[in-house]
Amino acid sequence: MELFAGNVSDSDKVFLNFMKTTDNVLGDTTAPAKLRHQVLQLAITFACGINQLSPRAYLLRRNLVPAITSMINSPDTQAFTFEAVFLLAIVANFHKSDAAKLNPYLRSLKDLDDVAVMKTICWSANFALYRVIKAYQDISDDSPPTFATSVGSLFASLRPDRALSSTPIDPPRELFKNQPIQASVILLPLYEFVHLNDIFATVLVESILSPPGDIKATNSSSRLPLPHTVLTISSYILTHASSVSSRRAVAYANLCLHILLVAAENDVILSAFSQAQKSPSPVRLCRQRLPLLPILPPAHPLTCALLDCCVLWLKHNLHKRLEVHSYIICIWIVHRVIYFLCKTKSRLEYHWQELWRALLVLLDFLTNKLDGIDSRDGADRLVQETVVLIDFALCHAEAFLESPQAVHQFIYEVVRASSTLQKQKVSLQRSSMTGAARTSQNSRLLSMAFEALKSTTAIAAHYEEKIQASKGSSAAAVLRIIAKDVDRDGVHGGKDRLEDDLM
């Protein structure tokens with residue numbers, strides 16, 4: 001305050017005049033576009049430079065939303081939408097956690113009903129995120145293989161100078177240390193709008209609900225709709241997040257997971273995602289790290305890509321310094337999607353075995369590495385959330401899996417991991433003896449986890465007994481035994497819980 005105002009006693013006068021001038025210039029449609037842009041940049045510099053310190057509170061003394069929306073709507077300043085919406089997000093996040101009711105921008109974002117502004121924001125976000133995606137792809141071309149490229153690779157491998165050369169597995173992780181690029185900051189305002197504004201959620205999915213011929217009309221270029229782009233960039237960020245040892249990359253991964261969670265918890269968005277995809281092109285997901293996920297054809301709904309993003313996070317970020325909170329969010333996303341599918345009686349054709357294996361590998365990792373994980377209490381909760389998810393999915397498998405074969409495969413994966421599941425009892429017992437279980441919410445989750453583990457291990461034991469009695473020795477034989485029992489009696493222990501869990 002002394003630096004800008006000369007002394008603290010004059011700070012009110014100086015900073016309030018600064019905000020008044022900023023508001024007047026930004027909202028003046030007759031002012032030169034260059035001047036309005038410079039004032040916008042000054043406001044962003046001030047807001048970011050002050051960070052969460054007290055002078056930033058002056059930004060809350062004057063509502064800049066009308067002036068900023070004026071810039072977004074004005075043809076001569078529409079090109080600055082990226083910076084304008086970023087300023088909105090920055091001021092909305094001033095002491096957001098402890099003074100949300102005191103921040104008028106949160107209410108303004110929630111009450112905003114200007115559809116034209118929202119469409120411009122979606123266009124700007126789509127444009128920026130395409131640049132972020134291209135930055136990843138420029139480092140390593142992960143285009144899905146075509147017949148021509150496959151044949152070309154075959155002939156190239158037969159050349160004498162390449163016959164004995166080693167095939168690269170993954171591109172060096174150091175190449176991605178500066179990713180994502182700065183344009184990815186648009187994810188912050190995108191999260192705020194999707195989280196706070198119901199109208200924005202409707203505008204967001206409007207493009208994917210349009211008839212096939214209208215998709216190009218809703219996007220001023222050949223780019224796919226914004227939901228496709230968000231899922232694509234999420235897959236890249238989530239794949240590389242913790243492998244580059246960058247707290248910034250992990251923070252963006254956490255932001256992506258929060259966006260996906262809001263999408264999963266919003267019935268409007270998830271309903272649109274669950275419909276057959278209208279676009280002729282599928283969502284392109286990151287294929288820069290092994291093991292690769294199977295490629296889904298274009299006709300699959302966006303819910304599959306949403307689940308794929310979760311699988312990529314689960315598979316590629318298992319480190320001693322585990323991002324426990326982000327893993328918990330990921331589990332919530334999957335749980336919410338499966339709950340929605342069950343409640344709407346929708347069967348989703350998807351490579352579910354990739355998800356089941358990723359969840360069971362996570363439990364195995366937590367069993368073996370729990371003592372070395374930094375956030376011990378958080379890791380215990382992650383175990384509980386994962387156990388509850390697996391039990392919920394198993395007991396409701398016949399309600400959302402696309403075929404009896406998918407149900408049989410799920411049970412097979414659970415039986416294979418029965419020893420891992422048994423070991424979770426130690427983690428749950430330890431949690432019950434610590435202070436982490438004393439709050440009512442934690443106590444309820446722990447109780448649910450005990451019941452879930454009891455149910456899951458009972459199901460695994462039931463089919464293990466059948467397998468041993470029939471002396472199944474191969475994977476095919478085991479699947480036949482499971483299929484015969486499930487087709488006759490349904491999933492063991494799951495029938496009685498379907499309606500109760502979905503109330």
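As annotated in an unreviewed UniProt entry, the protein chain carries the name Armadillo-like helical domain-containing protein and is attributed to Rickenella mellea. Its UniProt record gives the protein chain a comment under Subcellular location (unreviewed entry), which states: "Membrane".

Draft legend 1. Geometry of the packing of helix H5 (residues 81-92) against helix H7 (residues 115-139). Contact geometry of H5 with H7 gives a least axis separation of 9 Å together with a crossing angle of 105 degrees. Between H5 and H7, the crossing angle belongs to the class labelled roughly perpendicular. Across from Thr81, Phe82 and Val85 in H5, the residues of H7 making contact are Thr120, Ile121, Ser124 and Ala128. Counted by class, the contact of H5 with H7 contains four nonpolar, three polar and no charged residues.

Draft legend 2. Representation of the packing of aromatic side chains within the structure. Within the structure shown, the criterion is met by 13 aromatic pairs. Considering the side-chain rings of Tyr136 and Phe176, the 6.2 Å spacing of their centres and the 25 degrees angle between planes classify their relative orientation as stacked. Remark: Phe176 occurs in the loop between helix H8 (147-157) and helix H9 (187-196) and Tyr136 occurs in helix H7; sequence separation between them is 40 residues. Given the relative accessible area of 2%, Tyr136 is considered buried. Exposure remark for Phe176: the relative accessible area of 2% places this residue in the buried category. One aromatic cluster is present, built from ring pairs that chain together Tyr350, Trp352, Trp356, Phe400 and Phe410.

Draft legend 3. A look at the pattern of salt bridges. Applying the stated rule across the entire model yields 16 salt bridges. The partner of Lys119 in a salt bridge is Glu206, with the nearest N and O atoms 3.4 Å apart. You can see Lys119 sitting in helix H7 and its partner Glu206 sitting in helix H10 (residues 198-209), a full 87 residues away along the chain. Asp489 serves as the salt-bridge partner of Arg488, at 3.2 Å between the closest nitrogen and oxygen.

Draft legend 4. Molecular detail of the environment of Ala449. Assignment of secondary structure puts Ala449 in helix H22 (residues 440-470). Setting aside residues up to four positions removed in sequence, Ala449 forms contacts with Gln384, Val387, Val388 and Leu428.

Draft legend 5. Representation of the side chain of Ser124. With respect to the helices, strands and loops of the structure, Ser124 is situated in helix H7. A relative accessible area of 6% means that Ser124 is categorised as buried. Dropping the residues within four chain positions of it, Ser124 is found in contact with Thr81 and Phe82.

Draft legend 6. Fine view of the nonpolar core. One finds Ile333, Ile338, Trp352 and Trp356 to be the most contacted residues of the largest nonpolar core, which totals 167 residues. Broken down by element, the residue count for this core peaks at 14 residues, all from helix H16 (residues 324-343). Every residue in contact with Ile338, bar those within four places of it in the chain, is listed here: Trp352, Trp356, Leu389, Phe392, Ala393 and Phe400.

Draft legend 7. Representation of the confidence of the model for the protein chain within the structure. Looking at the protein chain, pLDDT values average 84 and 83% of them are 70 or higher. Here residues 161-167 scores under 50 on pLDDT; set against residues more than four positions off or in separate chains, the count is three contacts.

Draft legend 8. View of the side chain of Thr77. Secondary-structure assignment places Thr77 in the loop between helix H4 (65-73) and H5. Look at Thr77 and you get buried, because its relative accessible area is 1%. Contact partners of Thr77, with chain neighbours within four places excluded, come to Ala33, Arg36, Ser70 and Met71.

Draft legend 9. Looking closely at unusual backbone geometry. The omega torsion of the bond from Gln179 to Pro180 falls at -5 degrees, within 30 degrees of zero and hence cis. With respect to the element layout, Pro180 can be found in the loop between H8 and H9. With an omega dihedral of 0 degrees, the bond running from Leu290 to Pro291 counts as a cis peptide bond. Residue position: Pro291 is located in the loop between helix H14 (267-274) and helix H15 (302-316).

Draft legend 10. Quick peek at the packing of H5 against H9. In the contact formed by H5 and H9, the axes pass within 8 Å of each other and the chain directions differ by 65 degrees. It follows from the interaxial angle that H5 and H9 lie roughly perpendicular. For H5 against H9, the interelement crossing comes out left-handed. Side by side, H5 and H9 meet where Val85, Phe86, Leu88, Ala89 and Ile90 of the first sit next to Leu188, Pro189, Glu192 and Phe193 of the second. Considering only residue class, the contact of H5 with H9 consists of eight nonpolar, no polar and one charged.

Draft legend 11. Looking closely at helix H21 (residues 418-432). Look at H21: 22 Å from first C-alpha to last across 15 residues, which is about the 21 Å you get at 1.5 Å a residue. Every buried residue of H21 is listed here: Ser418, Thr420, Leu421, Gln424, Ser427, Leu428 and Ser431. Mapping the buried residues of H21 onto a view down its axis gives an arc of 140 degrees, with all of them on the same face.

Draft legend 12. How the structure looks around H4. Counting buried positions along H4 gives seven out of nine residues, so the element sits mostly inside the fold. Those residues of H4 lying buried are Val65, Ala67, Ile68, Thr69, Ser70, Met71 and Ile72. Of the surrounding secondary structure, the elements contacted by the buried residues of H4 are helix H2 (11-27), helix H3 (33-50), H5, helix H6 (104-111) and H7.

So, how was this worked out
- Residues numbered from 1 in each chain as written.
- Predicted model: local features only at pLDDT ≥ 70, side-chain atom pairs only at ≥ 80, totals over all residues.
- Heavy atoms only, no water.
- UniProt positions renumbered as here; feature names shortened; annotations may be inferred.
- Axes fitted to C-alpha atoms, helices over the stretch in contact; angles between N-to-C directions.
- Helix = DSSP H or I, 4+ residues; strand = E, 2+ residues; numbered from the N terminus.
- Parallel < 35°, antiparallel > 145°, perpendicular 65-115°, else oblique.
- Contact = heavy atoms within 4.5 Å.
- Nonpolar A, V, L, I, M, F, W, Y, C, P; charged D, E, K, R; others polar.
- Phe/Tyr/Trp six-rings, centres within 6.5 Å; stacked < 30°, edge-to-face > 60°.
- Buried < 20%, exposed > 50% of the residue type's maximum accessible area, 1.4 Å probe, protein only.
- Salt bridge = Lys/Arg side-chain N within 4 Å of Asp/Glu carboxyl O.
- Core = buried A, V, L, I, M, F, W, Y, C linked by side-chain atoms within 4.5 Å.
- pLDDT = per-residue confidence, 0-100.
- Left-handed = near helix turned anticlockwise from the far one by under 90°.
- Expected span 1.5 Å × (residues − 1).
- Arc of directions from axis to C-beta.

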